[in-house]
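Here's the letter readout for the chains.
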Amino acid sequence: MPDFAIVRADDVEDAYAGSDVPGEFRKLTDALGAEQLSVTLIRVPPHSDMEQGTGHTHSEIEELYIVAKGTITFRCDDNVEEVVAPSVVRVGPGTARSHRNEGEEPVEIWAVSVKGHRDATKLDDFWDASPEAKQTR
C-alpha cells in the first residue's frame with residue numbers, strides 16, 4: 001500500500017452543516033490518514049464571522065493559515081489586517097487569533113497544525129461584532 005493519500009475536500013463532512021454557523025469547516029486529517037499534521041479547509045462566505053466574535057489561542061503549537069481565495073480580516077492579538085490570497089499567516093503559541101470575512105467575495109483558508117493537540121483555549125468576546133460580518137447563516 002502506498003504511503004500517500006489524495007482526498008477531495010468536498011467529500012469530507014462539513015462540521016458546520018446543519019448549524020447556523022456560516023460557512024464550512026472540513027477536517028481532512030483522518031480522511032488523509034495523516035500521522036503528524038492536522039489539515040482543515042475553512043470556507044467563509046461574504047460578510048460572515050464564523051467564530052462569532054470569539055477567538056482562540058494555543059499554548060504549545062503554532063498554526064499556519066493558508067489564504068487560498070479571497071480577502072480575510074485576520075486578528076492576531078491586537079493586530080488586525082486584511083490578508084489577500086494567496087498568502088500564509090503563521091500564528092505562534094500564545095498568540096490570540098480569529099478571522100472573519102467582511103468582504104464581497106467568498107474566502108477559502110487551509111488551516112495546518114500539529115495533529116492531536118489539545119491545548120486550545122477559547123476567548124469569548126475577543127473582538128466586537130463586525131457590522132460587515134453576520135454571525136449566523
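### Let's talk about the pattern of salt bridges
And step 1. Under the counting rule described, the total for this entry stands at 13 salt bridges.
And step 2. For R8, the salt bridge is made with D10, and the minimal N-O distance between the two is 3.7 Å.
And step 3. Relative accessible area serves as the criterion here: at 51%, R8 is assigned to the exposed category.
And step 4. We note a salt bridge from R43 to E108, for which the minimum N-O separation is 3.0 Å. Here R43 is found in strand β2 (residues 37–44), whereas its partner E108 is found in strand β9 (residues 107–114), with 65 residues between them in sequence. Per residue, the accessibility class of R43 equals that of E108, and both read buried.
And step 5. Members of the salt-bridge network, linked through shared partners, are R8, D10, D11, E24, R26, R43 and E108.

### Points about the sheet that holds strand β1 (residues 24–27)
And step 1. Strands sit in the order β1-β2-β9-β4-β7 across an open sheet of five strands; the sheet is antiparallel. Of all strands in the sheet, those with a lone pairing partner are β1 and β7 (87–91), marking the two edges. Across the sheet, the axes of successive neighbouring strands diverge by a mean angle of 20°, strand direction being ignored.
And step 2. Note: β2 against β9, eight bridges, orientation antiparallel. Along β9, the bridge assignment pairs S38 with S113.

### Points about the packing of aromatic side chains
And step 1. Counted by the stated rule, this structure contains three aromatic pairs.
And step 2. Each ring, one from F126 and one from W127, has its centre 6.3 Å from the other, and the planes form 55°; the classification is tilted.
And step 3. Judged by relative accessible area, W127 falls into the buried class, the value being 9%.
And step 4. The ring of F126 is capped by R75, whose NZ or CZ atom sits 4.0 Å from the centre of that ring.
And step 5. Over the aromatic face of W127 sits the side chain of R100, whose NZ or CZ is 3.6 Å from the ring centroid.

### Points about the pairing of strand β8 (residues 97–100)
And step 1. Where burial is concerned, the two faces of β8 agree: the one with R97 and H99 and the one with S98 and R100 are both buried.
And step 2. Bridge analysis of strand β5 (residues 71–76) against β8 gives four bridges, and the strand direction is antiparallel. Among the inter-strand pairings, T73 is bridged to a residue of β8, identified as R100.

What counts as what
- Residues numbered from 1 in each chain as written.
- Predicted model: local features only at pLDDT ≥ 70, side-chain atom pairs only at ≥ 80, totals over all residues.
- Heavy atoms only, no water.
- Salt bridge = Lys/Arg side-chain N within 4 Å of Asp/Glu carboxyl O.
- Buried < 20%, exposed > 50% of the residue type's maximum accessible area, 1.4 Å probe, protein only.
- Helix = DSSP H or I, 4+ residues; strand = E, 2+ residues; numbered from the N terminus.
- Pairing = 2+ DSSP bridges.
- Axes fitted to C-alpha atoms, helices over the stretch in contact; angles between N-to-C directions.
- Phe/Tyr/Trp six-rings, centres within 6.5 Å; stacked < 30°, edge-to-face > 60°.
- Lys NZ or Arg CZ within 6 Å of the ring centre and 35° of its normal.

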